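# Structure assessment
Given next are the chains, with one letter for each unit.
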Amino acid sequence: MRRREFLSWTGLAGGALGFSALGIPLGTAHAATEYTMVAIPKLRSPWFNRFEVGVKKAGKDFGVDAYQQAPESADEALQVRLINDAVNQGIDGLLVVPNDANSLVPAFKRAQAQGIPVITHESPQQPDADFDIEMIDNLAFGAKAMDLLASAIGPDGGKIAIFVGSLTVPAHQIWSKGALDRAAEAYPNIVQLGDRYPVSEDQAQSRQTALDIITANPDIKGFLCFGSQGAPGAAQAIEERGLSGKVAAVGTTSPQQAAQYVKRGSMTGSVLWDPAEAAYGMVFIAKTILEGNKDQITADFDIPTLGKPAKLDGNTLIYDRPLVVTADNIDDYMTF
């Protein structure tokens, strides 16, 4: 594995992230061990372009050679291939946002057998990962998304469809449960149509599925989309059918991608977090392990700029940093 001692200048002039107090003071020199880390998200998209900003920022702040390689699509086989290639190249740390929690386990086992820390995101309790980091409490996050959708639909409620990236993305299933639990508790007139539709990482597929649902259910009132491409696809379908303002769409889509639909009224808004924050934390966790300090990662573990987690559940560090983006504030978040 490539490791070398060097003198690093932390901090980065300009290019600050959109979250508060991220920079370590400029011009601070420190001796550090450079580790090579690769981040492998689900796919190349605006959301994960923002994730990459956090990877690069953390690399500069912590004296780490950190970079991103993203599959062209949300294909678990492509992701496995990238992970295995990275292990073969002798990287020191592996940072992954899994498409399929279970299919990655053999690759993760192989990495750990070679002493490579595995840090994940959007995959609570990920098997064979050292740690997973979540920027939101998953059940509460799903409930917040349902609150936003219910507010757009109105008190009469109606039918809704739930889109997820796939039926094997753990976070999406937990968010769906949180949303449905919230509906059962507070919005009894909201009724789920069918089961979850695993289309939300592909905008074209989400659009076509939404068109099919609207055709078969002209009384549909909303789409709740967990996965970055679901709400834009549903919004396209809503616009094509002339239903902007009549059918709601809520998603977990980057503000930059969501803006055109939100401003035209075909998408209600996004409930999300800053993925750059997650990436920043992942690099720091991996570096902590590589430095032999894994035992310090407890419920009191303090990540620069993020602070301490709300809780540590098994191998999962859980923060509570949700972000609700609507037409009222979306211009404030156009950096991702």
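To start, this report covers the structure provided alongside it. (Residues numbered from 1 in each chain as written. Predicted model: local features only at pLDDT ≥ 70, side-chain atom pairs only at ≥ 80, totals over all residues. Heavy atoms only, no water.)

### Regarding the overall build of the chain
Regarding its fold elements, the chain presents 9 helices and 15 strands. The globule rule puts the C-alpha radius of gyration for 336 residues at 20 Å, and the 20 Å found for the chain is close to it. By residue count, 57% of the 336 residues in the chain fall in the buried class. Contacts spanning at least 24 positions in sequence make up 71% of the contacts within the chain whose residues lie at least 6 apart. When the accessible surface of the chain is summed, it comes to about 13000 Å², and 50% of that surface belongs to carbon and sulfur atoms. (Helix = DSSP H or I, 4+ residues; strand = E, 2+ residues; numbered from the N terminus. Rg over C-alpha atoms; globule rule 2.2 N^0.38 Å. Buried < 20%, exposed > 50% of the residue type's maximum accessible area, 1.4 Å probe, protein only. Contact = heavy atoms within 4.5 Å. Areas by Shrake-Rupley, 256 points an atom, 1.4 Å probe, with all protein chains shown as cover.)

### Some thoughts on the side chain of Thr 253
Position of Thr 253 relative to the elements: it lies in the loop between β11 (248-251) and α8 (255-264). Polar contacts involving the side chain of Thr 253 include one to the main-chain carbonyl oxygen of Ser 228, which spans 2.9 Å. With near-sequence residues (within four places) excluded, Thr 253 lies in contact with Trp 47, Gly 227, Ser 228, Ala 231, Pro 232, Ala 258, Met 267, Ser 270 and Leu 272. (Polar contact = N/O pair within 3.5 Å; in protein donor to acceptor, adjacent residues only side chain to side chain.)

### What about the environment of Leu 104?
With respect to the element layout, Leu 104 can be found in the loop between β4 (93-96) and α3 (105-113). In this structure Leu 104 comes out as buried when scored by relative accessible area, which is 0%. Sequence separation between Leu 104 and Pro 127 is 23 residues; the distance between their C-alpha atoms is 8.9 Å. If we skip the residues at most four places from it in the chain, Leu 104 touches Glu 76, Gln 79, Val 80, Ile 83, Val 96 and Pro 98.

### Observations regarding the nonpolar core
Counting residues in each nonpolar core, the largest one holds 85 residues, and the members touching the most others are Met 37, Phe 163, Phe 223, Leu 224 and Ile 285. Here the element with the most residues in this core is helix α9 (residues 275-290); it accounts for 10 residues. Inspection of this core shows a minimum of three residues originating in each of domain 1 (35-136 + 275-321) and domain 2 (138-272). In this structure, Ile 83, Ile 91, Phe 108 and Val 118 belong to the second largest nonpolar core, which totals 16 residues. (Core = buried A, V, L, I, M, F, W, Y, C linked by side-chain atoms within 4.5 Å. Domains from an automatic or database assignment.)

### Comments concerning the packing of aromatic side chains
Tallying each qualifying case throughout the model produces 12 aromatic pairs. Measuring from ring centre to ring centre gives 5.8 Å for Phe 163 and Tyr 197, while their planes differ by 70 degrees; the resulting arrangement is edge-to-face. Of this pair, Phe 163 sits in strand β7 (residues 158-164) while Tyr 197 sits in strand β9 (residues 197-198), and the two are 34 residues apart along the sequence. For Tyr 197, a relative accessible area of 23% corresponds to the partly exposed category. Taken together, the ring pairs connect Trp 47, Phe 141, Trp 175, Phe 226, Trp 273 and Phe 336 into an aromatic cluster. (Phe/Tyr/Trp six-rings, centres within 6.5 Å; stacked < 30°, edge-to-face > 60°.)

### Here we look at the packing of helix α6 (residues 203-216) against helix α7 (residues 230-240)
Contact geometry for α6 and α7: axes closest at 7 Å, N-to-C directions at 45 degrees. Between α6 and α7, the interaxial angle falls into the category oblique. In this structure, the crossing between α6 and α7 has a hand that is right-handed. Residues Gln 203, Ser 206, Arg 207, Ala 210, Leu 211 and Ile 214 of α6 lie in contact with α7, whose contacting residues are Gly 230, Pro 232, Gly 233, Ala 234, Gln 236, Ala 237, Ile 238 and Glu 240. A breakdown of the residues in the contact of α6 with α7 according to their chemical character gives 7 nonpolar, 5 polar and 2 charged. (Axes fitted to C-alpha atoms, helices over the stretch in contact; angles between N-to-C directions. Parallel < 35°, antiparallel > 145°, perpendicular 65-115°, else oblique. Left-handed = near helix turned anticlockwise from the far one by under 90°. Nonpolar A, V, L, I, M, F, W, Y, C, P; charged D, E, K, R; others polar.)

### Observations concerning the pairing of β4
Both faces of β4 are covered, namely the face carrying Gly 93 and Leu 95 and the face carrying Leu 94 and Val 96. Direction of pairing for β4 relative to strand β5 (residues 118-121): parallel, over a ladder of 3 bridges. Of the residues in β5, the one forming a bridge with Val 96 is Thr 120. Since β4 and β5 lie parallel, the crossover through α3 that links them has a hand, and here it is right-handed. (Pairing = 2+ DSSP bridges. Right-handed = clockwise from strand over helix to strand, strands pointing away.)

### Brief notes about the packing of α7 against α8
Running from N to C, α7 and α8 point in directions that differ by 30 degrees, and their axes come no closer than 10 Å. When the axis of α7 is compared with that of α8, the two are roughly parallel. Here α7 runs over α8; the crossing is left-handed. Along the contact surface, α7 presents Pro 232, Ala 235, Gln 236 and Glu 239, while α8 presents Gln 257, Tyr 261 and Arg 264. Looking at the contact of α7 with α8 residue by residue, the class counts come to 3 nonpolar, 2 polar and 2 charged.

### Here we look at α6
Taking 1.5 Å of rise per residue, the 14 residues of α6 would be expected to cover 20 Å, and the 20 Å separating its terminal C-alpha atoms lies within 8% of that figure. All of the buried residues along α6 are Gln 203, Ser 206, Thr 209, Ala 210, Leu 211, Ile 213 and Ile 214. The N-capping residue of α6, defined by a side-chain oxygen 3.0 Å from the backbone nitrogen of Ala 204, is Asp 202. (Expected span 1.5 Å × (residues − 1).)

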